[in-house]
Amino acid sequence: MKAFCTALLLLYAFISAAQTRVSGKVTDPKGRPVPGANIFFKGSYDGTSSDEDGSFTLVTDLAGAQLLTVQALGFEVRETRVMCGGQPVVLTFILTESISMLHAVTITAGAMEASDEKKSVVLKPLDIVTTSGAIGDITAALLTLPGTSTVGNDGRLFVRGGDASETAIYIDGLLAGNAFGSTIANVPTRTRFSPNLFKGSYFSTGGYSAEYGQALSSALALSTIDLPLRNQGDLSIMSVGGGYTHTLTGARRALTASANYYNLAPYQSVVRQHFDWEQSPVNWDSEISFRQKWGNASRSRAGILKVYYHTEGNRMTIWQKIPGEEGRGDRTGMHNRYNYGNVSFRQTAGRGWTLYGGGAFSRNHDAYALNDLKVRQVNQLGHAKLVTIKDFSPRLSIKNGLEGFIRAYSERLVNEQRQRAYTDRQVHHFTEATYYFSNHLVIAGGLRGGYSSLARQYWLTPRLSLAYSLHEAGQLSLAAGAFRQLPEEKLRIAATNLGNTAARHYILNYFLIKNSRTFRAEAFYKIYDKLVTFEGTSAAPQNLRLSGFGYARGADFFFRDKKTWKNTDYWVTYSYIDSKRRFASYQSPVRPSFAPRHNGSVVVKRFVPRLKSQLGASWSWNSGYPYSNPNLAGEMQQTTKAYSDLSLSWSYLPRPNVIVHLACSNVLGRTNIFGYRYAAAPDTDGTYASLPVGQGASRFAFAAIFITFSKDKNANQLNNL
C-alpha cells in the first residue's frame, strides 16, 4: 500500500510538472478590461474566458509551441504563439476594435441614399413611386428632398443654385446621356426611365465621391434590381396610355421586357389647357433587361451581369404666342428618337478584391421645326468603365477606376444644308481610399483626373470627406472637393476649344436616425469659377469665353417621422439658397432664375387598413423665381409670386394584385408663374410687352389601374421595390 501511494504521488508530480499555466489580462486600447473574451489554444479544447476585470487563467497539458487565440465581440481576433514547457506564462492582450459595416459610421455629407441595403437611408425605393405629385417620375420624387428646387416649366433636377445640366445621372455606374426627355421651351419634361427598374439610388447634392465627374452640382446614381422576386406580368391601364411588362425569373437569371404607349390628346381634349397644342405629346417606349448571376457568394467569389436596353420616341407640336403680337405666334414641332443601352458587371474575386464596370451608349436625335426653320440635333455618348476595389483590411480599402468617354454632337440646318459637329474623346482616372480609424470615425480621400482631346486640357481634382459618430446623438460629416465640367453641347459647338467650368464644395452635415425618426441638417458653400459667358442670345451666342464666376450657399433641413402616428409616414424639408453668378449674357452677378431663395415641401402618407388604401398628400412651395424685366434698369431685378402646389393621391387595393391609383396635382388650382417672356423690341410707347410663363393646365389629374398576373396572388407591381 505504501509503495502504491508513493507511485501515485510521483505520477501526480510528473503530470503537474508537464502542465503549463497561462494567465494574464485582456484590455482595450485605453486599458479598460474586456470581460467575456474567449481565450483558447487553437486546435484544442483547452480554453477559458476573461473575468469582469479582464483577467484569465488557463492550464493546459499541451506541450511545445502552441497558438493562443483571443476573441471578443466587437474586437479584432488576436493570436500569439506560446511555448508550453511547464513554466508559468503571463500575457497581456490589448484588443483593437473591429470594424463592422453594420455599426460603423457612414459619410452622409452631401449624400442621400434611397436603398434598402444602406444604413443611412433617407428614402426607400418604394417612397419614390408612392409620393403624391411625382406621378411615377424619379426626379419629381427627389424634388421633395432638401437642396432641390422645383422649376415647373422645365421639370429637370435643379440642385443648390445649379443649372439642371450640372447634375449627372448614372445607371449601374454608367453615365446616361440625355436622361431627360426632349421637349420644347417652357414645356416641362421628366426622366425617361421607370422607377420600377431601380432598387435604390444615391443622390448627392455635393461633395460626392471621386468616382463621379463632369458635374458641378450633383450626381444621381441609380442601381437596377438584381433579380426580381418571381415570374409575373404587369398590366398598366392609365388615363394617358397603357403598357405591359413581363418578367421571367430563375434561380440565377431573369428577363424582363416592357412596352408602353402614352398619348395626351384624349385627356387634353377633356381638360382645359393653357397651352395651344397642335399635336399633343405622344410617346412610346420599350425596354428589355437581362440578369445573370454566377459563383458562390459565401466563398466571396460571385458575380452578376446586367444587360439593359431602352428605346423610345415622342413628338409634339405647339403654338406659342409672341409678346405684343396678335395671333397664335410661333409654331414649334419636335420629333425625338432615343436609344440607350448598357452592359454592366460586378465580381467579387476573393482575397478582398472586387471588380465592376461595363459600357454604355446613348443616341438622342431631335428634329425641330420652328415655323419654317428646320433643325436636326444628334447627341451621342459612349462610356466605358472598369473599377477595382481592394480591401486590405476591414479598416482600409482603395478604389481605382479608369473611364473612357466619346461625345459626339452635330447640328444641321436642313433648308440651308449647313452643318457643324464635333467629337470629343476623354480619358478619366480616379482613385479613392477609405480608412476607418474606428467604428466612430472614417475618412475618405480621392483624386480624379481627366483629359479632353477637344479642349486639349488636363485636369486633376481632389475630394475629401470624413464622418464622426456621436454615438446615440447622431453623427457629423464634412466634405470638400473640386469639380470640373465641360460646357453643354449647345455651347461647345459654338466654341469647341472651351475648357472646363469649375466649382468647389464645402459641406457640413449632421445626421440622426432614432426611434423611426430621421433628422438631417446641412450647411453648404459652393464657389463657381470659369462659367461660360457670351454676347447675344442663348440661341446664337457670340464671343464665348470662361470668364464667369459665382457662388451658392445656404442650409437644408429634413425631418421624417414614421412613429408618432400609426400607419402614417411624413417628412418635411426646407432649403435656403443664396446664389449669385455671372454667366451667359448677364453683365453682372445675378440670382439665377432657377434658384428660388426659400424652398420647402411636406409629404404625408397614411395607410388605412379598413379601406385597403394609402392616402397621400404633398405640398411644394418656394419664394418665387427671379426674372429680368427690360422695362426696368438692371438685371434679374424682379421675382415672381411664390410657387405653391398641393397634390393628393389615393391608392386602393381591392385585391392584393390590383392597385387602383388616383392622383391630382395642384388641386387648389393655383396659378403659378415661372417667369415672363418679353418682346424683342419696345412698342410705340417704349414698353416691352410681356407674357407670363406658366403651367400647361391648372391641374393634372391621373387615374390608373395596375394589374399583376402571377401564381403568387399577393404579388403586385410594388413587391419588387
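Just so it is clear, the structure is predicted and the values come from calculations on it, not from any experiment.

## Here's the deal with the overall build of the protein chain
- On a plain count of helices and strands, the protein chain comes out with five helices and 40 strands.
- Each principal axis of the C-alpha distribution contributes one length, and for the protein chain these read about 135 × 60 × 45 Å.
- Here the protein chain holds 721 residues, and the buried ones make up 50% of them.
- For the protein chain, the accessible area works out to roughly 33500 Å², and carbon and sulfur atoms hold 57% of it.
- Distance from the positive charge centre (78 side chains) to the negative charge centre (52 side chains) of the protein chain: 3 Å.

## Comments concerning the sheet that holds strand E1 (residues 20–27)
- Here we have three strands laid out as an open sheet, ordered E4-E1-E7, and mixed in their pairing. One side of each edge strand has no neighbouring strand; the edge strands of this open sheet are strand E4 (55–60) and strand E7 (89–94). Strand-to-strand, the axes of this sheet are offset by a mean angle of 25°, without reference to chain direction.
- As paired elements, E1 and E7 share six bridges and run parallel to each other. When the sheet's bridge partners are listed, Gly24 is paired in E7 with Leu91.

## What about a nonpolar patch on the surface?
- Taken together, the side chains of Leu248, Leu255, Ile288 and Tyr309 make up a nonpolar region of the molecular surface, amounting to roughly 340 Å² of accessible area.
- Mapped onto the secondary structure, Leu255 falls in strand E17 (residues 253–263).
- Its relative accessible area of 36% is what places Leu255 among the partly exposed residues.

## With respect to empty space enclosed by the protein
- Inspection of the entire model under this criterion finds four cavities of 30 Å³ or more.
- Empty space within the largest cavity amounts to approximately 100 Å³.
- Those elements that place two or more of their residues in the lining of the largest cavity are strand E9 (148–149), strand E31 (568–582), strand E32 (598–608) and strand E33 (613–622).
- Split by residue class, the lining of the largest cavity holds four nonpolar, 11 polar and no charged.

## Observations regarding the pairing of strand E27 (residues 475–485)
- When strand E26 (residues 457–469) meets E27, the two strands line up antiparallel, connected through seven bridges. Of the residues in E27, the one forming a bridge with Tyr468 is Leu476.
- What sits between the antiparallel neighbours E26 and E27 is a turn of five residues, in which His471 has the positive phi angle 60°.
- Here 11 bridges tie E27 to strand E28 (residues 501–514), and the two strands are oriented antiparallel to one another. By the bridge assignment, Leu476 is partnered in E28 with Tyr510.

## Comments concerning the packing of aromatic side chains
- Per the stated rule, a full pass over the model turns up 23 aromatic pairs.
- Taking the centre distance of 6.1 Å and the plane angle of 45° together, the rings of Tyr409 and Tyr422 count as tilted. Taken together, the residues span a long stretch of sequence, with Tyr409 in strand E23 (residues 396–413) and Tyr422 in strand E24 (residues 418–438) at a distance of 13 residues. Per residue, the accessibility class of Tyr409 equals that of Tyr422, and both read buried.
- For the ring pair Tyr435 and Phe437, a centre distance of 4.9 Å and an interplane angle of 80° mean the geometry is edge-to-face.
- Sitting over the face of the ring of Phe583, Arg581 holds its NZ or CZ atom 5.3 Å from the ring centroid.

## Overview of the pairing of strand E29 (residues 517–536)
- Of the strand pairs in this sheet, E28 and E29 are connected by 13 bridges, and their pairing is antiparallel. Across the sheet, the residue bridging to Arg504 is Ile527, located in E29.
- Counted along the chain from E28 to the antiparallel partner E29, the turn is two residues long, and its residue Asn515 has a positive phi close to 55°.
- One ladder, built from 17 bridges, connects E29 with strand E30 (residues 541–561); its direction is antiparallel. Note that in E30 the partner of Thr518 across the bridge is Arg560.
- Connecting E29 to the next strand, E30, in antiparallel fashion are four residues.

## Brief notes about the side chain of Thr434
- Structurally, Thr434 can be placed in strand E24.
- On the basis of relative accessibility, which here comes to 18%, the residue Thr434 falls in the buried class.
- When near neighbours in sequence (up to four residues on either side) are disregarded, Thr434 contacts Arg395, Leu396, Ser397, Val442, Ile443 and Ala444.

## Remarks on the sheet that holds strand E6 (residues 78–84)
- One open sheet holds the four strands; their spatial order is E3-E2-E5-E6, and the pairing between them is antiparallel. Single-partner strands in this sheet number two, and they are strand E3 (47–49) and E6. Ignoring strand direction, the axes of neighbouring strands in this sheet form an average angle of 20°.

## With respect to the nonpolar core
- Counting 32 residues, the largest nonpolar core has Leu145, Leu157, Phe193, Phe203 and Tyr340 as the members making the most contacts within it.
- The set of elements that each furnish at least two residues to this core consists of helix H3 (138–142), strand E11 (167–171), strand E13 (198–204), strand E14 (218–224) and strand E20 (330–350).
- Sorting elements by how many residues they give to this core places H3 first, with three residues.
- Ignoring sequence-local partners within four residues, the contact set of Leu145 consists of Met112, Val122, Leu123, Phe203, Phe558 and Thr573.

## Let's talk about the environment of Val667
- Relative to the assigned elements, Val667 resides in the loop between strand E37 (658–665) and strand E38 (673–678).
- Taking the C-alpha atoms as reference points, Val667 and Pro487, 180 residues apart in sequence, are found 39 Å from one another.

## Examining the environment of Arg78
- As for its position among the elements, Arg78 is in strand E6.
- Judged by relative accessible area, which is 31%, Arg78 ranks as partly exposed.
- Through-space distance from the C-alpha of Arg78 to that of Leu68 is 8.3 Å; in sequence the pair is 10 residues apart.
- Apart from residues no more than four positions distant in its own chain, Arg78 is found in contact with Leu68, Thr69, Val70, Phe93, Ile94 and Leu95.
- Among the polar contacts listed, one links the side chain of Arg78 to the backbone oxygen of Ile94, at a separation of 3.1 Å.

## Details of the pattern of salt bridges
- Under the defined criterion, the tally for this structure stands at 25 salt bridges.
- Note that Arg418 and Glu416 form a salt bridge whose closest N and O atoms lie 2.9 Å from each other.
- Owing to a relative accessible area of 51%, Arg418 belongs among the exposed residues under this scheme.
- Where salt bridges share partners, they join Arg160, Arg520, Glu522 and Asp556 into one cluster.

Rules behind the numbers
Residues numbered from 1 in each chain as written. Predicted model: local features only at pLDDT ≥ 70, side-chain atom pairs only at ≥ 80, totals over all residues. Heavy atoms only, no water. Helix = DSSP H or I, 4+ residues; strand = E, 2+ residues; numbered from the N terminus. Buried < 20%, exposed > 50% of the residue type's maximum accessible area, 1.4 Å probe, protein only. Areas by Shrake-Rupley, 256 points an atom, 1.4 Å probe, with all protein chains shown as cover. Lys, Arg positive; Asp, Glu negative; His and termini not counted. Charge placed at Lys NZ, Arg CZ, Asp CG, Glu CD. Pairing = 2+ DSSP bridges. Axes fitted to C-alpha atoms, helices over the stretch in contact; angles between N-to-C directions. Patch = residues over 30% accessible without salt bridge, like charges linked within 9 Å, V, L, I, M, F, W, Y side chains within 5 Å. Salt bridge = Lys/Arg side-chain N within 4 Å of Asp/Glu carboxyl O. 1 Å grid on protein atoms, 1.4 Å probe; cavity = no way out; pocket = protein on both sides within 12 Å on 5 of 7 lines; lining within 4 Å. Points joined across faces, edges and corners; volume = space filled by probe spheres on them. Nonpolar A, V, L, I, M, F, W, Y, C, P; charged D, E, K, R; others polar. Phe/Tyr/Trp six-rings, centres within 6.5 Å; stacked < 30°, edge-to-face > 60°. Lys NZ or Arg CZ within 6 Å of the ring centre and 35° of its normal. Contact = heavy atoms within 4.5 Å. Core = buried A, V, L, I, M, F, W, Y, C linked by side-chain atoms within 4.5 Å. Polar contact = N/O pair within 3.5 Å; in protein donor to acceptor, adjacent residues only side chain to side chain.

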